[in-house]
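# Chain and residue survey
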Amino acid sequence: MAKKQEEVKKTVKKEDARQFWDRVLEIDHKKATKMIIGGMIIAIIFGTAALISDSIAGNASDWENYQLHENDLGYWRGEYGYQEFLERDREIYAKADWMRFQEAIFENIARIGVNAGLIAVMIGFISYSAEKELDPKKRLLSFILAALIITIVMFTSLTTGVTVSIG
Amino acid sequence: MFYLVKNKLLKIGVVIGLIFIIFAPMVGGLFETLQVKKDKDRTISEESSVSFREVAAYEITVKRNQKYIIKFSVYSINVSASLKIFGKGFFDSEFQKNATNAPQTVTGKYFLVSQPSWAYDPSSTEDSLTVVTCDQDDFYYIEFMGDGQSVNDLIWNEPGDYVITVYGTNSFANNTNVTFNIEIFKSGPSEVIKKIFSYTGWAIIIITCLVISIKISKKWRDTD
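Parameters and conventions
- Residues numbered from 1 in each chain as written.
- Chains lettered and ligands numbered in written order.
- Predicted model: local features only at pLDDT ≥ 70, side-chain atom pairs only at ≥ 80, totals over all residues.
- Heavy atoms only, no water.
- Core = buried A, V, L, I, M, F, W, Y, C linked by side-chain atoms within 4.5 Å.
- Buried < 20%, exposed > 50% of the residue type's maximum accessible area, 1.4 Å probe, protein only.
- Helix = DSSP H or I, 4+ residues; strand = E, 2+ residues; numbered from the N terminus.
- Contact = heavy atoms within 4.5 Å.
- Pairing = 2+ DSSP bridges.
- Buried area = accessible area lost by both parts, 1.4 Å probe.
- Salt bridge = Lys/Arg side-chain N within 4 Å of Asp/Glu carboxyl O.
- Polar contact = N/O pair within 3.5 Å; in protein donor to acceptor, adjacent residues only side chain to side chain.
- Axes fitted to C-alpha atoms, helices over the stretch in contact; angles between N-to-C directions.
- Expected span 1.5 Å × (residues − 1).
- Patch = residues over 30% accessible without salt bridge, like charges linked within 9 Å, V, L, I, M, F, W, Y side chains within 5 Å.
- Areas by Shrake-Rupley, 256 points an atom, 1.4 Å probe, with all protein chains shown as cover.
- Domains from an automatic or database assignment.

Okay, the nonpolar core next. Formed by 27 residues in total, the largest nonpolar core has its most connected members in I70, F72, L83, I142, I164, F180 and I182 of chain B. Residue assignment for this core shows that the elements contributing at least two residues are β2 (56-62), β3 (68-74), β4 (79-87), β5 (111-114), β7 (132-134), β8 (138-144), β11 (160-170) and β12 (177-187) of chain B. Discounting chain neighbours no more than four positions away, the residues touching I182 of chain B are K37, K38, D39, Y58, I70, K71, L83, I164 and V166 of chain B. Core analysis: the next-biggest nonpolar cluster, separate from the first, contains 14 residues, I27, A32, L118 and V121 of chain A among them.

Residues and elements named next belong to chain B. The two faces of β5 match: F111 and V113 on one face and L112 and S114 on the other face are all buried. In the sheet, β5 pairs with β8 via 3 bridges, with the strands oriented antiparallel. Paired with V113 across the bridge in β8 is I142.

Looking now at the interface of chain B and chain A. On the chain A side, the residues contacting the 21 residues of chain B number 19 residues. Taking both partners together, chain B and chain A bury about 1600 Å²; carbon and sulfur atoms supply 57% of that area. Summed over the shared surface of chain B and chain A, the result is 3 salt bridges. Among the ionic pairs, K67 of chain B bridges to E84 of chain A, the shortest N-O distance being 2.5 Å. Across the chain B-chain A interface, the total number found is 10 residue pairs in polar contact (both at pLDDT 80 or more).

Turning to the environment of I70 of chain B, a few remarks are in order. Residue and element names in this part refer to chain B. The residue I70 is located in strand β3 in this model. Placed 114 residues apart in sequence, I70 and I184 show a C-alpha to C-alpha distance of 4.6 Å. When neighbours within four sequence positions are excluded, I70 is seen to be in contact with L83, I85, Y140, Y141, I142, I164, I182, E183 and I184.

Our focus in this paragraph is the sheet that holds β3 of chain B. All names here are of chain B. Ordered by their spatial adjacency, 6 strands build an open sheet running β1-β12-β3-β8-β5-β6, and the pairing between neighbours is antiparallel. The two strands at the open ends of the sheet, each matched to only one other strand, are β1 (33-45) and β6 (126-129). Geometrically, the sheet is characterised by an average inter-axis angle of 25° between neighbouring strands, direction not taken into account. As defined by bridge partners, β3 adjoins β12 across 6 bridges and the pair is classed as antiparallel. Bridging across to β12, I70 finds its partner in I184.

This next bit is on unusual backbone geometry. Across residues other than glycine, the phi torsion is negative in most instances, and most of the peptide bonds are trans. All names here are of chain B. For N78, which is not glycine, the phi torsion reads 70° and is therefore positive. The topology assignment puts N78 in the loop between β3 and β4. Positioned with a positive phi, D153 is a non-glycine residue whose angle comes to about 50°. For D153, the location among the structural elements is in the loop between β9 (146-149) and β10 (154-157). We classify D153 as buried; its relative accessible area is 18%.

The terminal C-alpha atoms of helix α3 (residues 60-76) of chain A lie 24 Å apart, and with 17 residues this matches the ideal 24 Å at 1.5 Å per residue to within 8%. Listed as buried for α3 of chain A are A60, E64, L68, N71, D72, L73, G74, Y75 and W76 of chain A. Residues of α3 of chain A that are buried in the fold lie against α2 (29-58) and α4 (82-129) of chain A together with β5 and β6 of chain B. After α3 of chain A finishes, the residue G78 of chain A shows a positive phi value of roughly 80°.

This paragraph deals with a nonpolar patch on the surface. Together, V15, L18, I19, I22, F23 and M26 of chain B make up an exposed nonpolar region whose accessible area comes to about 550 Å². Inspection of the secondary structure assignment puts V15 of chain B in helix α2 (residues 8-30).

We now examine the domain arrangement of chain B. Domain boundaries in chain B define domain 1 (2-28 + 192-223) and domain 2 (33-187). Distance between the C-alpha centres of domain 1 of chain B and domain 2 of chain B: 49 Å.

Structure below.
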């Protein structure tokens, strides 16, 4: 009995997996368009978040210098004493370090988001290419675009990123 | 997209969340320091310089990472007032002994005195001392955390009970009054308040976004 139940479970799982890929290929035109648009929006949002995170990290040193000078001014104006000045000084260094480090966290989260969005776009294009009513040229183009997107996803997932330094 | 723009919940949630985030430093700033004591024109006897039982005493309790700020000044003519800080146990024993001239001779805890000048770097306009003496129109801004040392002008946190004492003299022959002003502040719960406000703001925005994304996904499913 137990063996039979296990076999039944395995066949159900296999059918579920087949159904999933069938469903991907059988997505209608409207739903595929929705997936492309939705995926693009997600990719753009996460991409923007990554750019913001990068910009914050890039400007952390300037912010640090500005805040240290503001701290000097606060002490000279007599707004607080030297101990408070020292405390604020240490906090500024810690915050600047966090501004530099946050890039490692948020950029990786953003990368996952961008990739998820691009996968949705890719599924949309695959669905286009599987549409028999569509023009063969358009179907081919959709397939090429899907392949291009998955290549981009693979590159962004498997490489750590490109750094350029100008001396 | 139009759904997002028209959505009232999104607008209200984001606006309330942003209000919390923006107001976090402002509300926190209000509780940066809390006034513990304000004595304007407090008068003590000249006897305070010779007897511990005549000094003006303010008991304070320093907690972990807490700082006390003391603004000490004298405006009266002929008056010379001195401020020292002792541990509560030490003060009590000196109070019991009541040795002559003890307020002047015993050494107190170190505190940090700031005298900012635009001409100098902050590190060269401060001093850690065990006593400050105010004459007419003098003012001292003092920070105290429990203990310290004169080397490198340091003070550090040492929780416990302490007593701020003031004693003085009046150089005018017919007047024995020593009049001074003192304001004592302690560091307040500003950091906690700032965190509560900003976390609440972010929580409101995140929850609003989650609720809306659930609603949108439901709508999309319904239209299929």
